[in-house]
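Working through the structure, step by step
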Amino acid sequence: MAKTKEEREQRKLEAQERAEKRKATKAIKDAAKLANDESADNEPKLDVNELRKNLPISKEHNAGLPALSLPIDAFSKVMKYLPAREFGAISLTCTGYNYVLGGCRVAHVCSRLMRREDEEGLRSSCGSACLVGGLELCSGRKEAREILERSLTGGGETNRLISKKMKNSMKKNSNGDADADEYPGYARFVEEATLGYSAMQCSRHGVFPTFLQGRFASCSPEHTLLRIGGGGNTTSGSGGSGIASWGVAKRGQCGHGDREDVSEPKLLLGKIGWGVRIVQVAAGGGLVRVAHSLLLTSTGRVLSFGTAQYGALGHGYDAGKQLSDCLRPRYIDALKNEKVICVSAGELHSGCVTADGDVYTWGEGFCGQLGLGDRRPHLLPEQVTLGGLEDECVSNMSCGCRHTLVVTEEGEVFSWGLGRYGVLGRSYTDFTYNTDIGMANPEGDDGQVQGIAARPPPMRPDNIDAVVNAANNAGPVAGGGNGGMEDLMISLDALNLTLDDPSDQCFPKLVDALGAFRAVGVSAGHRHSMVLDEHGGLYTFGSGASGALGHGDLVGQEFPVKVMQFEENNVRIHQMSAGVDMSMAVSTTGDVYAWGKAKEGRIGLGNNNDICLPRKVDVGDANFKGVDVECGYVHSLIIGLDGSVYQCGGVGVDGKDDGQNTGGDGFPVLLSGYNIWHRIAEPKEKVFKQQWKKYGKYELKGRSGWNKDDT
């Protein structure tokens, strides 16, 4: 109650202002109604800026929004066309919409998980953007509601963040139609897993490819990267934007700032996930005890860390003209002017695809895996323009052990690199120097060298003695010249001639054996490859060791061959991964299949030896539906629709043997306490504080040996 005259006048003015705002709001509604009644020719022109200025932001205004007057079923049909990011923006900026959107969650998630076909049954308006027929992960609204409930508990207790308002809303609405605070995070995860939709943060219209290897996880023979955590109370987005890593870390490939092995998933620090949103991961490495990692941010920047051998990180030389390992994520400055939409890491090389459809590669190129027309290592990213790839718009790529595959927007597949075992899916010409070129062989290959990296063969050009003489200033170079620096460079060029190889393994070439099939994704393994077409058909080629091709035998294939077991059983594939002599795939119904080397439970099919035909993987949950798989060497990961993560097999750390740390029966094990999409609190890095000791009136640090006699 105002006691003074000034206070009473102030309250009177405030009341007048509120009355004017109500009048302005009424005038706007009347004008809009009049505009609808009149013809288009006589439509009154309203000043938009004036309308915004007079628009009151209050609960009364939110309650009068036109969309809220729609029936809930009609409103749900409208909202299901909104992507998760826009869905979340509405729920955050408008209090009136927030509660109503809670009732639209079931319809929204159904539109992402249920199969939709047109009259001819050929094109899908909802479901996966990669596949013509879409997905069948949900049969109706009842199952969709169960999926939403499971998403909150998938992975066990994850310490996810729940707002106070959300807790109160869930108590009042036991039927699940609570506020929509948490749902946009899960919707974003579902859209990435099913539709393949992920928007760029820096671009209004930029999106990432619909098919990616390493969208949620990536496995190398030694370590694993997994997208979990992130979000919190920041604007970086929902959960799944952070990174956890574990495994062998002797070369810094886990990114924790040290070289100590990690036995369980450990979150990366440095604002990864809470200031920098990660949308794709790539774990590279082979059987030669070297490994590196790549991270792709939502702004199109690339971070790398791990071993810098042969320039696999793309940072070039450091100040000391050395290739030093990176123990923490570091941006690749050479790509700062490019918007990258896809990254991939091989054994000793890396690659990426830009928003313009260009391909860049860097690292070891001795087997032609960089596609730059030679066999030299390249320390910085360089664009691949040979073989007609400059005129193509590339959608996604995959780097294998010593080869690379890319898919264009037209559905064509190009391959390059070491063609041994038929991993290129095409014919090729031999290298000029073809002695002892190969790769490290998996354990158990009889009669072959194991665990040794391929090295350049010894070269002894005719003028090697002239090079030594020129370098030592010992006399003129054979064949003319003055024996100085010019002659030295000429002789060194002669030494490098063997690295300018004319073989078509050194540049991209079309895999024409696929014919008219339109490819949407590729996966390059250690010595075999996989291609997925738009109808969900799966093609494999390369080495048939351990039955990795899935054709029922151990025979290798030089050209793509369709996996007929899927075709005969009307199974369509949505996602796949090729590892070291093993393969895994996820169908459009959420079933997980695996085949190849099954020793030590590495593909979740028990402790078997070789499985030559695709077999369904049982995770121990009848309601489980998979959305992604990733294969390594002795382990693999399965991602569930609820965000849970299962591990098959395991990498031995701290000198221990490879194999599962839990159970030991060879079947998938749940990573308890981890869920990809859950928002969690940002971990704080422990900072050691130096202890100060007080001696008299002075405070000294690090001089604990002082005493009164010394002073």
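Everything numeric here is computed off the predicted structure, so don't read it as measured data. (Residues numbered from 1 in each chain as written. Predicted model: local features only at pLDDT ≥ 70, side-chain atom pairs only at ≥ 80, totals over all residues. Heavy atoms only, no water.)

1. Considerations on the overall build of the chain
- Across its full length, the chain holds 13 helices and 30 strands.
- Looking at the chain as a whole, 53% of its 711 residues qualify as buried.
- In the chain, the share of contacts with a sequence separation of at least 24, taken over all contacts with a separation of at least 6, comes to 59%.
- Working note: accessible area of the chain is about 33700 Å², and carbon and sulfur atoms make up 49% of it. (Helix = DSSP H or I, 4+ residues; strand = E, 2+ residues; numbered from the N terminus. Buried < 20%, exposed > 50% of the residue type's maximum accessible area, 1.4 Å probe, protein only. Contact = heavy atoms within 4.5 Å. Areas by Shrake-Rupley, 256 points an atom, 1.4 Å probe, with all protein chains shown as cover.)

2. Focus: unusual backbone geometry
- Of note, the phi angle at Asn570 is positive, near 55°, even though the residue is not glycine.
- Note that Asn570 resides in the loop between helix H13 (564-568) and strand E21 (573-578).
- For Asn570, a relative accessible area of 69% translates into the label exposed.
- Non-glycine residue Asp654 carries a positive phi angle of around 55°.
- For Asp654, the location among the structural elements is in the loop between strand E27 (644-649) and strand E28 (669-675).

3. Considering the sheet that holds strand E19 (residues 538-542)
- A sheet is described by the order of its strands in space; here four strands give the open sequence E17-E18-E19-E20, paired in antiparallel fashion. Here the strands that pair on one side only, and so sit at the sheet edges, are strand E17 (519-524) and strand E20 (557-562). Going from strand to strand, the sheet's axes swing by 15° on average, the running direction of each strand aside.
- The pairing of E17 with strand E18 (residues 528-533) spans five bridges and is classified as antiparallel. Across the sheet, residue Ser523 finds its bridge partner in E18, namely Met530. (Pairing = 2+ DSSP bridges. Axes fitted to C-alpha atoms, helices over the stretch in contact; angles between N-to-C directions.)

4. Description of the environment of Gly214
- Turning to its location among the elements, Gly214 is positioned in the loop between helix H10 (183-195) and strand E1 (217-219).
- Judged by its relative accessible area of 0%, Gly214 is buried.
- Sequence separation of Gly214 and Cys342 is 128 residues, and the distance between their C-alpha atoms is 9.4 Å.
- In contact with Gly214, other than residues within four places in its own chain, are Gln280, Val281 and Glu630.

5. Overview of the pairing of strand E23 (residues 592-597)
- Taken across its six residues, E23 has six buried, putting it largely inside the fold.
- Sheet topology places strand E22 (residues 582-587) next to E23; five bridges connect them, and they run antiparallel. Note on E23: the bridge partner recorded for Val586 is Val592.
- Linking E22 to E23, which pair antiparallel, is a turn of four residues; within it Gly590 sits at a positive phi near 90°.
- Direction of pairing for E23 relative to strand E24 (residues 610-616): antiparallel, over a ladder of four bridges. When the bridges of E24 are listed, Tyr593 appears paired with Lys616.

6. Here we look at the confidence of the model for the chain
- Here the chain shows a mean pLDDT of 79. Residues at 70 or above account for 72%.
- Across residues 467-486 the pLDDT falls below 50, and counting only partners more than four positions away or on other chains, this stretch makes 22 contacts in the model. (pLDDT = per-residue confidence, 0-100.)

7. Points about the packing of helix H7 (residues 105-113) against helix H8 (residues 141-153)
- Following both chains from N to C, one finds H7 and H8 inclined at 100°, their axes separated by 9 Å at the closest point. On the basis of the axis angle, H7 is roughly perpendicular to H8. On H8, the residues that touch Arg105, Val106, Ala107, Val109, Cys110 and Leu113 of H7 are Arg141, Ala144, Arg145, Ile147 and Leu148.
- Taken together, the residues that form the contact of H7 with H8 break down as eight nonpolar, no polar and three charged. (Parallel < 35°, antiparallel > 145°, perpendicular 65-115°, else oblique. Nonpolar A, V, L, I, M, F, W, Y, C, P; charged D, E, K, R; others polar.)

8. Here's the deal with the side chain of Ser587
- Positionally, Ser587 belongs in strand E22.
- At 2.9 Å, the side chain of Ser587 forms a polar contact with the side chain of Thr589. (Polar contact = N/O pair within 3.5 Å; in protein donor to acceptor, adjacent residues only side chain to side chain.)

9. Some thoughts on the packing of aromatic side chains
- All told, the structure shown has eight aromatic pairs when counted by the stated rule.
- Residues Phe517 and Tyr539 carry aromatic rings whose centres are separated by 5.4 Å and whose planes lie at 50° to one another, so their mutual orientation is tilted. Linking Phe517 in the loop between strand E16 (509-510) and E17 with Tyr539 in strand E19, this pair joins segments that are 22 residues apart in sequence.
- Residues Phe566 and Trp595 carry aromatic rings whose centres are separated by 5.8 Å and whose planes lie at 65° to one another, so their mutual orientation is edge-to-face. Of this pair, Phe566 sits in helix H13 while Trp595 sits in strand E23; the two residues are 29 residues apart in sequence, bridging distant segments of the chain.
- Under the relative-accessibility criterion, Trp595 is labelled buried at 0%.
- Every member of this aromatic cluster is reached through a ring pair, and the members are Tyr186, Phe189, Phe216 and Trp677. (Phe/Tyr/Trp six-rings, centres within 6.5 Å; stacked < 30°, edge-to-face > 60°.)

10. Considering the sheet that holds strand E9 (residues 340-345)
- Pairing is antiparallel in the open sheet, where four strands are placed in the order E9-E10-E11-E12. Two strands in the sheet have a free side with no partner beyond their single neighbour: E9 and strand E12 (378-383). Strand after strand, the sheet turns through a mean of 15° between neighbouring axes, direction not considered.
- Pairing analysis gives five bridges linking strand E10 (residues 349-354) to strand E11 (residues 359-363), with the strands arranged antiparallel. Looking at the pairing, Gly351 lines up with Thr361 of E11.

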